[in-house]
Amino acid sequence: MKLPPQPSVPRGRIAAVMRRLARAIDGLEEPAVEKIAEDQQEDPFQVLIATMLSAQTKDAVTHAASTRLFAVARTPAAMLELSPRRIERLIYPVSFYRNKAVHVLRTCEQIVTRYGGNVPDTMEELLTLPGVGRKTANLVLILAHRSGDNICVDTHVHRISNRLGWVATRTPEETELALYAVAHRKWWPLLNRYLVTWGQNVCRPVYPLCGRCVVVDLCPKIGVTRIGRS
């Protein structure tokens, strides 16, 4: 993938933002998948399925749906005992719940038949699973397999990285590639947690709460046209 020309950003500026956010997010509501990973001792299967359910779905809905589903089936083999309709009922109202139910079953089948019931621990293998893209694969590697070599980029990370002027990219895939080059490796596994938490609570897509932002002096507010009331 060829990136467009990227801004020159001192790594010290990124480190300063990350250090401030580390303190600022303490006590804020964390992303649903992060909470599930903590609650289930980073169980790779539950992290994988919860991340699949989270696509284009609000965190509260993701967490509730995942909790209902895992109360019935906590392993790939147990999940395969359920019908698509049963899974649909358990995960509703996540977005595209019918398609996700099919992907969950097909993914579980692949995990059981090809990987002995264990969630793969490489990007290449994870991407062969139905419904799994780079965002999901990266998050599973970071949260469940404790990888320090991956950056997970969702819409929040993509938006905020561009808003801060760290990158100048058009897609989350481009943002991931650009962040590997500009951010120090120590921050790679933390970028998603910090920026998603901040994006959900303060640096919102529309009307960001800049008056409450701990990094406002380090942010050029690229693309911001209207600021919300703090």
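The preceding data block contains the structure.
A brief look at the structure comes next.

Procedures and definitions
Residues numbered from 1 in each chain as written. Predicted model: local features only at pLDDT ≥ 70, side-chain atom pairs only at ≥ 80, totals over all residues. Heavy atoms only, no water. Axes fitted to C-alpha atoms, helices over the stretch in contact; angles between N-to-C directions. Helix = DSSP H or I, 4+ residues; strand = E, 2+ residues; numbered from the N terminus. Parallel < 35°, antiparallel > 145°, perpendicular 65-115°, else oblique. Left-handed = near helix turned anticlockwise from the far one by under 90°. Contact = heavy atoms within 4.5 Å. Salt bridge = Lys/Arg side-chain N within 4 Å of Asp/Glu carboxyl O. Buried < 20%, exposed > 50% of the residue type's maximum accessible area, 1.4 Å probe, protein only. Core = buried A, V, L, I, M, F, W, Y, C linked by side-chain atoms within 4.5 Å. Nonpolar A, V, L, I, M, F, W, Y, C, P; charged D, E, K, R; others polar.

1. Some thoughts on the packing of helix α6 (residues 84-91) against helix α7 (residues 97-115)
Link 1 in the chain: The interhelical angle for the contact between α6 and α7, taken along N-to-C directions, is 125°, at an axis separation of 9 Å. In this view, α6 runs oblique relative to α7, as classed from their interaxial angle. In the packing of α6 onto α7, the handedness of the crossing is right-handed. Facing Pro84, Ile87, Glu88 and Ile91 of α6, the residues of α7 in contact are Tyr97, Arg98, Lys100, Ala101, Val104 and Leu105.

2. Considerations on the pattern of salt bridges
Link 1 in the chain: Taken as a whole and assessed by the stated rule, the structure comprises seven salt bridges.
Link 2 in the chain: Of the charged contacts, one joins Asp149 and Arg185 as a salt bridge, the two residues approaching to 2.6 Å between their closest N and O atoms. Taken together, the residues span a long stretch of sequence, with Asp149 in the loop between α9 (134-143) and α10 (155-163) and Arg185 in the loop between α11 (172-182) and α12 (191-201) at a distance of 36 residues.
Link 3 in the chain: Judged by its relative accessible area of 48%, Asp149 is partly exposed.

3. What to know about the environment of Ala144
Link 1 in the chain: By the element assignment, Ala144 lies in the loop between α9 and α10.
Link 2 in the chain: For the pair formed by Ala144 and Val119, sequence separation is 25 residues and the distance between their alpha carbons is 9.4 Å.
Link 3 in the chain: If we ignore the near neighbours within four places in the chain, the residues touching Ala144 are Glu42, Asp43, Pro44, Val47 and Leu139.

4. Considerations on unusual backbone geometry
Link 1 in the chain: A cis amide bond links Tyr92 with the next residue in sequence, Pro93, at an omega value of 15°.
Link 2 in the chain: Relative to the helices and strands, Pro93 resides in the loop between α6 and α7.

5. Side note on the nonpolar core
Link 1 in the chain: Formed by 40 residues in total, the largest nonpolar core has its most connected members in Leu69, Met79, Ile87 and Ile91.
Link 2 in the chain: Every element with two or more residues in this core is listed here: α2 (32-39), α3 (44-54), α4 (59-72), α6, α7, α8 (123-126) and α9.
Link 3 in the chain: When near neighbours in sequence (up to four residues on either side) are disregarded, Met79 contacts Phe45, Leu69, Phe70, Ala73, Ile87, Val104, Leu105 and Cys108.

6. Some thoughts on the packing of α10 against α11
Link 1 in the chain: One way to put it is that α10 packs onto α11 with a least axis distance of 9 Å and a crossing angle of 60°. The orientation of α10 relative to α11 falls into the category oblique. Taken as a pair, α10 and α11 cross one another with a handedness that is left-handed. Only Pro172, Thr175 and Leu179 of α11 make contact with α10, whose side of the interface consists of Val157, His158, Ser161 and Asn162.
Link 2 in the chain: Residues belonging to the contact of α10 with α11 are distributed by class as follows: three nonpolar, four polar and no charged.

7. Section: the environment of Cys219
Link 1 in the chain: Summarising the element assignment, Cys219 is placed in the segment after α12.
Link 2 in the chain: We classify Cys219 as buried; its relative accessible area is 17%.
Link 3 in the chain: Sequence-wise, Cys219 and Arg170 are 49 residues apart; in three dimensions their C-alpha atoms are separated by 19 Å.

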